[in-house]
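Geometric and topological summary
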Amino acid sequence: MAQVSIRTLKKNYENSDALAVKGIDLEIADGEFVVLVGPSGCGKSTTLRMIAGLEDISSGEIDIGGRVVNDVPPRDRDIAMVFQNYALYPHMSVFDNMAFGLKLRKFPKEDIKRRVDDAARILHLTPLLNRKPRALSGGQRQRVAMGRAIVRNPKVFLFDEPLSNLDAKLRVQMRTEIKKVHNTVRTTTVYVTHDQVEAMTLADRVVVMNQGLIEQVGPPQELYHHPQTKFVAGFIGSPGMNFIPCRLAKEGEKLVVKLTNGVSLPVPAERTARYMPFQGKDMILGIRPEHMAVLPGDNRPGFAPLDVDIDITEPMGMETVIYFYLAGGAPGALGEVGKDGAGDVAPPLCARIDPDVTAPPGGKLTLSVDMNNMHLIDPATDKVV
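An account of the accompanying structure is given in this report.

Thresholds, definitions, all that
- Residues numbered from 1 in each chain as written.
- Predicted model: local features only at pLDDT ≥ 70, side-chain atom pairs only at ≥ 80, totals over all residues.
- Heavy atoms only, no water.
- Pairing = 2+ DSSP bridges.
- Helix = DSSP H or I, 4+ residues; strand = E, 2+ residues; numbered from the N terminus.
- Axes fitted to C-alpha atoms, helices over the stretch in contact; angles between N-to-C directions.
- Parallel < 35°, antiparallel > 145°, perpendicular 65-115°, else oblique.
- Left-handed = near helix turned anticlockwise from the far one by under 90°.
- Contact = heavy atoms within 4.5 Å.
- Nonpolar A, V, L, I, M, F, W, Y, C, P; charged D, E, K, R; others polar.
- Salt bridge = Lys/Arg side-chain N within 4 Å of Asp/Glu carboxyl O.
- Buried < 20%, exposed > 50% of the residue type's maximum accessible area, 1.4 Å probe, protein only.

With antiparallel pairing, six strands are arranged side by side in an open sheet as S13-S12-S11-S14-S20-S21. Looking at strand neighbours, the two that pair on one side only are strand S13 (264-266) and strand S21 (383-384), the edges of this open sheet. In terms of strand pairing, strand S14 (residues 282-287) meets strand S20 (residues 375-378) through three bridges, oriented antiparallel. Bridging across to S20, isoleucine 284 finds its partner in isoleucine 377.

As a further point, take the packing of helix H2 (residues 94-104) against helix H3 (residues 109-122). The interhelical angle for the contact between H2 and H3, taken along N-to-C directions, is 135°, at an axis separation of 10 Å. Comparing the axis directions of H2 and H3 gives the class oblique. The way H2 lies across H3 gives a crossing that is right-handed. Along the contact surface, H2 presents Phe95, Met98, Ala99, Leu102 and Lys103, while H3 presents Ile112, Lys113, Arg115, Val116, Asp117, Ala119 and Ala120. Split by residue class, the contact of H2 with H3 holds eight nonpolar, no polar and four charged.

Considering all chains together, one arrives at 18 salt bridges under this definition. Notably, a salt bridge pairs glutamate 61 with arginine 7, separated by 2.9 Å at the nearest N-O pair. Taken as a pair, glutamate 61 in strand S4 (residues 59-64) and arginine 7 in strand S1 (residues 4-12) lie far apart in primary sequence, 54 residues in all. Close ionic contact of glutamate 290 with arginine 352 constitutes a salt bridge, the shortest N to O distance being 3.6 Å. You can see glutamate 290 sitting in the loop between S14 and strand S15 (292-293) and its partner arginine 352 sitting in strand S18 (residues 349-353), a full 62 residues away along the chain. Connected through shared salt-bridge partners, Asp111, Arg114, Arg115, Asp118 and Arg121 make up one network.

As a further point, take the pairing of S18. Of all five residues in S18, four are buried, a share of seventy percent or more. As paired elements, strand S17 (residues 320-326) and S18 share five bridges and run antiparallel to each other. When the bridges of S18 are listed, phenylalanine 324 appears paired with leucine 349.

What follows is the structure in structure tokens.
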């Protein structure tokens, strides 16, 4: 195992003026499971491939276990990589696929058998060691690919979207398997995915990337409850956070958030001092769907009623997700014009409510908004204040 240090790392492809990775810094502790997450084109896979040595570094340094590896070939970096494609040899058994790399390195037969047997036990592959890949399910093939990496006993594991080819149920199962393997082996792991649920469930720390930069690094719960930017607030959580244009105003001694339909929502007293410098400014209110509920007569401190017009209802069994517009407003009248062109229609807002609540499309509903979990975003900087 080893610490991984990334210092002012940049990547610029030939014949391109834009940097794919724009000078990132990241410290990954020995034995830590770090997930790089972000939309397509954010630089996460490029960063992983530079750690692996599969992409040249334009500038900056990568240090693995106290050794700068910028000019070290991939085979000499003591890393093991699991790809989206299983890349198993179809004519070889599971045992031989897992042992192949060790045989190339001339490991003794007894050592190879011990390592493969140990990895097979961890991954529940022991009954399958004599099968060929064609006789395995997708999840079993992915476990064989992981086993091939584990037998190497490398300093660092690198995973490049390993679950994207699996169906939804298998993805959940394999997330659990990967977590269990890491808890057993405790090898430093860097994992890339575009799926924020995968990132939140697997990581010790999540690295949210956007347009070649790191937006925020932290434990999953920290990113969920304390996002630093609008991008992180919207990317982490499913469904994503609602963003409502508003103005911060004073009513008597209290600070309120005035929405575009004229409704005022109270700012919690403990946040008044922090938000006071933004009084009178146009801001963005961020509130997660799970912090809106149907609770008639809810008079708890920090909770406020909000009348809405329901647009779409999605029954999910354990909950119902509703999409709505503010009562008194109209579709597209939430205020924020899209950045890609004037006149873009604002999307509906979203709430997660009890499945027993009647919420027909076209109907009306009064939600109880938990302002204790509000976020206030400055549109000039996209920073959470």
